[in-house]
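Structure at a glance
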Protein chains: 12
Amino acid sequence: MSKHAYKVVELVGSSTSSIEDAIQAAIKRADQTLRTLRWFEVVQTRGQVENGEVQHYQVVLKAGFTLEGEYP
Amino acid sequence: MSKHAYKVVELVGSSTSSIEDAIQAAIKRADQTLRTLRWFEVVQTRGQVENGEVQHYQVVLKAGFTLEGEYP
Amino acid sequence: MSKHAYKVVELVGSSTSSIEDAIQAAIKRADQTLRTLRWFEVVQTRGQVENGEVQHYQVVLKAGFTLEGEYP
Amino acid sequence: MSKHAYKVVELVGSSTSSIEDAIQAAIKRADQTLRTLRWFEVVQTRGQVENGEVQHYQVVLKAGFTLEGEYP
Amino acid sequence: MSKHAYKVVELVGSSTSSIEDAIQAAIKRADQTLRTLRWFEVVQTRGQVENGEVQHYQVVLKAGFTLEGEYP
Amino acid sequence: MSKHAYKVVELVGSSTSSIEDAIQAAIKRADQTLRTLRWFEVVQTRGQVENGEVQHYQVVLKAGFTLEGEYP
Amino acid sequence: MSKHAYKVVELVGSSTSSIEDAIQAAIKRADQTLRTLRWFEVVQTRGQVENGEVQHYQVVLKAGFTLEGEYP
Amino acid sequence: MSKHAYKVVELVGSSTSSIEDAIQAAIKRADQTLRTLRWFEVVQTRGQVENGEVQHYQVVLKAGFTLEGEYP
Amino acid sequence: MSKHAYKVVELVGSSTSSIEDAIQAAIKRADQTLRTLRWFEVVQTRGQVENGEVQHYQVVLKAGFTLEGEYP
Amino acid sequence: MSKHAYKVVELVGSSTSSIEDAIQAAIKRADQTLRTLRWFEVVQTRGQVENGEVQHYQVVLKAGFTLEGEYP
Amino acid sequence: MSKHAYKVVELVGSSTSSIEDAIQAAIKRADQTLRTLRWFEVVQTRGQVENGEVQHYQVVLKAGFTLEGEYP
Amino acid sequence: MSKHAYKVVELVGSSTSSIEDAIQAAIKRADQTLRTLRWFEVVQTRGQVENGEVQHYQVVLKAGFTLEGEYP
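Numbers given to residues run from 1 along each chain, matching the order in which its sequence is written. Labels follow written order: the first chain is A, the first ligand is 1, and so on. It should be noted that, the model being predicted, local features are given only for residues of pLDDT at least 70 and side-chain atom pairs only at 80 or more, the latter also being counted only at that level, while totals for whole chains, interfaces and linings use all residues. Side-chain metrics in this entry use all non-hydrogen atoms of the structure; hydrogen atoms and water are not considered.

Moving on to the overall build of chain A. Strands are runs of DSSP state E lasting at least 2 residues, helices are runs of H or I lasting at least 4, and numbering of each runs from the N terminus. The secondary structure content of chain A amounts to one helix and three strands. When the helices and strands of chain A are placed in sequence order, the string is β-α-β-β. The proportion of buried residues among the 72 residues of chain A is 65%. For chain A, the share of sequence-separated contacts (at least 6 apart) that also reach a separation of at least 24 residues comes to 63%. Values of accessible area rely on a 1.4 Å probe in the Shrake-Rupley scheme; residue burial ignores everything except the protein chains shown. Element-wise, carbon and sulfur atoms account for 45% of the exposed surface of chain A, whose accessible area totals about 2,800 Å². To sort residues, take the accessible area from a 1.4 Å probe on protein chains only and compare it with the maximum for the residue type: under 20% means buried, over 50% means exposed, and anything in between is partly exposed. Any pair of residues with heavy atoms lying within 4.5 Å of one another is described as a contacting pair.

Laid out in structure tokens, this is it:
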């Protein structure tokens, strides 16, 4: 982490295929409003099951974006 | 939790009567700006005391709202 | 806790009215199979929200029942 | 929390009716000796069960009292 | 999570190829006895190594199944 | 831990003489129903006191048994 | 903490000189948008090193601001 | 734990021979002033080493005594 | 930590200037009654903010004093 | 885990493609000096983001190697 | 802990007879390379079971040795 | 944190004057052997007290150094 000031937000993303996809989904969706996301940390990994099959993975992330980026 | 993308916020509400009221107070107040709140989780329960009586309960919540809801 | 041997199970109950009711719901429901429940500990308190109102409370419990009770 | 110096004690109270009553019971009882209790935080909520009914709730609190109050 | 009562069990699954496969293995195996599994949460991810290569991944899950499902 | 699928249960055992005895008591008692216990991890160590003497030790364990063992 | 409703945000500040400066940097920077910050709690203290010297300290804070303050 | 009100204190005891002895040492010593100790929970187990030999074990306990017991 | 028996108390101190001053304030104030304090551990660091400036730092400590010291 | 003595080290690996690759990278790299690595446990999963895309995953591991292996 | 600089390592020892023996085994074995070990803290206690009997105890320790001691 | 592989070590430093000095002392001392230290994280802050005055601060750090740096 560089010497910027950050704000940290908590996000939840989901995917039917993999944990990595669920992470990317959370970041992509958030990035529409938060253009300066720089890093994430996985807080929790979970999912839903039907008939003994994982239906989708859900990943809770903490994600940091630079405060500078808010004032273009 | 369904397969939506969520943002999670942390809120503090208080009530002079009960823990459930303090939860509801945090959610009601936040809901004026965050219309798509879907779930909460209690992070901490505390309160203030005077003359040996609880004056009010304070509850810290994590609350999730769907990101879709931000774009009506 | 007395000197019995215990098995500890994790249960989730819910109620539209209060945290205490959600605890009781988890215990009542479990007690149909686990007749010797002796104590519980709240692990997590959460709930669901619609239109800015709590719809129901959910409480996750660890609950201990005496192993002796399994062999009537 | 104001700028006083505090000592923090850990207390356990119980009630047959509610979590809030168990909190108040711990504080009331402690307040006979600790007249300057100012705030509490719930550390653990648990209880005892008999025949599938909660017999009483027990709440473990951290409670802070001002050190100034000890020297009237 | 809907308003059902749940029991939560802890499971360990393993796979030589991926974390997602280890999750699925735990759920599939448990589902033979626990037909109403609804969700899981990853508690721990680990694995075994030989000659500098991961031999298999092991994932510890908490998994919730509806109590209603036990009485067909 | 080998590559088996496990189920993890939580057990409480007690002994008037030592922590090791309390561990063994929990495992022995559980083993009457769970014949394939393979490992344990101590979650909590506590006990009861009377007249300034430890009356008995209580140990809370997580214990893993192979799911294969359930189908002889 | 008084009986207001709060929202809690997570912030990261940094300083080349001290932990206190890094705290103040996070708060000053955030305060440009969040004028009603009332309290903070340090979540993590870390930093970066070059040639055996600390280059800067980074402090992760939770910070609470009154929700009332958003509607002047 | 019965339905009494408790105060919980944190104690450290040590022994050159065993963990159980260190627990007993903490309780015995505290019991001179705190005559109504009822239970303990081990918070931390550590020790000191010299020349590759454990010199003594130190055990940190939380211990609960009934508040009633203070007023004989 | 030497082989003494200790009692551990939790203290909160505050200072307008630094974290170290808040630690010292908690210890000085407690030391009027607890003359045998030997060590402390920081449990939490927080503070209050006004107009974007830290007003004071608050530090929660666990502090250990030798039980021998109570009987001069 | 067998009955060997182990030393546990903490490692960080990274990969642009997956969490599993980041785990393998940490282990491969460490294995050049630590030839007797036997198991790992994931401590933290995080990553870096640019323009709304994950740039690389970083995984923090605890990894155990047998002490016997150090003396060939 | 005195005012030395320390490095902390994590070790795992095992014993067929007791927790104390497993601690001593970890320290003895490590001490062949780390001659200046001064203290340890138990991080986890676990073990393996066969036919309802504990086969051996495993203890994970954090152990601190003085850095000065490395340069005789 | 960049995309290097890291090893993480745990260090303890101390200072009679400030927390920042204790951090620097741990890093300086370790850096004689570990020339590629890049970042640290504070794990614990504590200290020793005599006659109601802090004698010295002790800071426990996790510190990461690049594995590449080991092979000059």
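This next bit is on the interface of chain E and chain A. Taken together, the 13 residues of chain E in the interface contact 15 residues of chain A. Throughout, the accessible surface (probe 1.4 Å) given up by two parts as they are put together, summed over both, is called the buried area. Across the chain E to chain A interface the summed buried area is about 1,200 Å²; carbon plus sulfur atoms make up 53%. When residues of chain E are sorted by the area they lose upon contact with chain A, E:Glu20, E:Gln24 and E:Phe40 head the list and together hold 43% of the total. A carboxyl oxygen of Asp or Glu within 4 Å of a side-chain nitrogen of Lys or Arg is what we treat as a salt bridge. Counting every contact that joins chain E to chain A gives one salt bridge. Among the ionic pairs, A:Glu53 bridges to E:Lys28, the shortest N-O distance being 3.2 Å. We define a polar contact as two N or O atoms separated by no more than 3.5 Å, with the added condition that, inside protein, one atom must be a possible hydrogen donor and the other a possible acceptor, whereas residues neighbouring each other in sequence contribute only through side-chain atom pairs. Viewed at the interface, chain A and chain E are joined by eight residue pairs in polar contact (both at pLDDT 80 or more). Of all the elements in the fold, those that place two or more residues in the side of chain E that touches chain A are α1 (19-31) and β2 (37-50) of chain E. Take the side of chain E that touches chain A: its biggest share by element is seven residues, from α1(E).

So, about the side chain of I:Ser18. On the secondary structure map, I:Ser18 appears in the loop between β1 (6-15) and α1 (19-31). For I:Ser18, a relative accessible area of 15% puts it in the buried group. A distance of 3.0 Å separates the side chain of I:Ser18 from the backbone nitrogen of I:Asp21, its partner in a polar contact. Residue contacts for I:Ser18: discarding those within four places in its chain leaves G:Glu20 and I:Tyr57.

This paragraph deals with the packing of aromatic side chains. Residue and element names in this part refer to chain D. Pairing of aromatic rings covers Phe, Tyr and the six-membered ring of Trp, with a centre-to-centre limit of 6.5 Å; geometry is then stacked below 30 degrees between planes, edge-to-face above 60, and tilted otherwise. If you walk through the whole model with that rule in mind, you get 24 aromatic pairs over all chains. For the pair Tyr 6 and Trp 39, a centre-to-centre distance of 6.0 Å together with 65° between the ring planes defines the contact as edge-to-face. Of the two residues, Tyr 6 is situated in strand β1 (residues 6-15) and Trp 39 in strand β2 (residues 37-50); the sequence distance between them amounts to 33 residues. In this structure Tyr 6 comes out as buried when scored by relative accessible area, which is 3%. Judged by its relative accessible area of 12%, Trp 39 falls in the buried class.

Residue and element names in this part refer to chain D. Backbone geometry places Asn 51, a non-glycine residue, at a positive phi of 50°. Its place among the elements puts Asn 51 in the loop between β2 and β3 (53-66). Residue class for Asn 51 comes out exposed when judged on its relative accessible area of 71%.

With that settled, consider the relation of the copies chain E and chain A. The two copies are related by a screw motion: chain E maps onto chain A through a turn of 120° and a shift of 0.0 Å along the axis, at an RMSD of 0.0 Å. Here the two chains are linked by the operation of a three-fold rotation axis. Residue E:Ile19 of chain E places its C-alpha closer to the rotation axis than any other residue of that unit, at 5.0 Å. Interface residue correspondence from chain E to chain A reaches only 15%, placing this contact among heterologous pairings that use different surfaces. Residues below a pLDDT of 70 in either copy are left out; the C-alpha atoms of the rest, at least 70 in both, set the least-squares superposition of the copies.

Another aspect to go through is the pairing of strand β3 (residues 53-66) of chain H. Residues and elements named next belong to chain H. Within β3, twelve of the 14 residues are buried, which leaves it mostly tucked inside the rest of the structure. Bridge count for strand β1 (residues 6-15) against β3 is ten bridges, and the pairing is antiparallel. Bridge assignment links Ser 14 to a residue of β3, and that residue is Gln 58. Pairing of strand β2 (residues 37-50) with β3 involves twelve bridges; the strand directions are antiparallel. Across the sheet, residue Trp 39 finds its bridge partner in β3, namely Gly 64. From the end of β2 to the start of β3, which pair antiparallel, there are two residues, and Asn 51 there has a positive phi angle of about 50°. The pairing criterion for strands is at least two bridges between them, as found by DSSP.

On to the environment of J:Arg38. If you trace the backbone, J:Arg38 turns up in strand β2 (residues 37-50). In the structure, J:Arg38 is positioned 25 residues away from J:Ala63 in sequence and 7.5 Å away in space, judged by C-alpha atoms.

Turning our attention to the side chain of J:Glu10. Tracing the sequence through the fold places J:Glu10 in strand β1 (residues 6-15). Overall, the relative accessible area of 11% leaves J:Glu10 in the buried class. A polar contact of 2.6 Å, which involves the side chain of J:Glu10, links it to the side chain of L:Lys62.

With that settled, the discussion passes to the pairing of β1(J). Of all ten residues in β1(J), ten are buried; the element is thus mostly enclosed. The sheet contact formed by β1(J) and strand β1 (residues 6-15) of chain K spans three bridges and is antiparallel. Across the sheet, the residue bridging to J:Tyr6 is K:Val12, located in β1(K).

With that out of the way, let us pick up the confidence of the model for chain A. Per-residue confidence from the prediction method is given by pLDDT, with values spanning 0 to 100. For chain A, per-residue confidence averages 86 on the pLDDT scale, and residues scoring 70 or more make up 83% of the total. When the elements of chain A are averaged for pLDDT, helix α1 (residues 19-31) of chain A gives the smallest value, 91, and strand β2 (residues 37-50) of chain A the largest, 95.

Before going further, it helps to spend a moment on the environment of D:Leu37. Of note, D:Leu37 is situated in strand β2. Residues D:Leu37 and D:Phe65, 28 residues apart in the sequence, show an inter-C-alpha distance of 4.0 Å.

Let us now look at the environment of C:Leu11. Mapped onto the elements of the fold, C:Leu11 is located in strand β1 (residues 6-15). Residue C:Leu11 is classed as buried on the basis of its relative accessible area of 1%. Each C-alpha atom of the pair C:Leu11 and C:Lys62 lies 6.4 Å from the other, and the pair is 51 residues apart in sequence. Beyond its immediate chain neighbours, meaning those up to four positions away, C:Leu11 contacts C:Ala26, C:Ala30, C:Val59, C:Val60, C:Leu61, C:Ala63, E:Tyr6 and E:Lys7.

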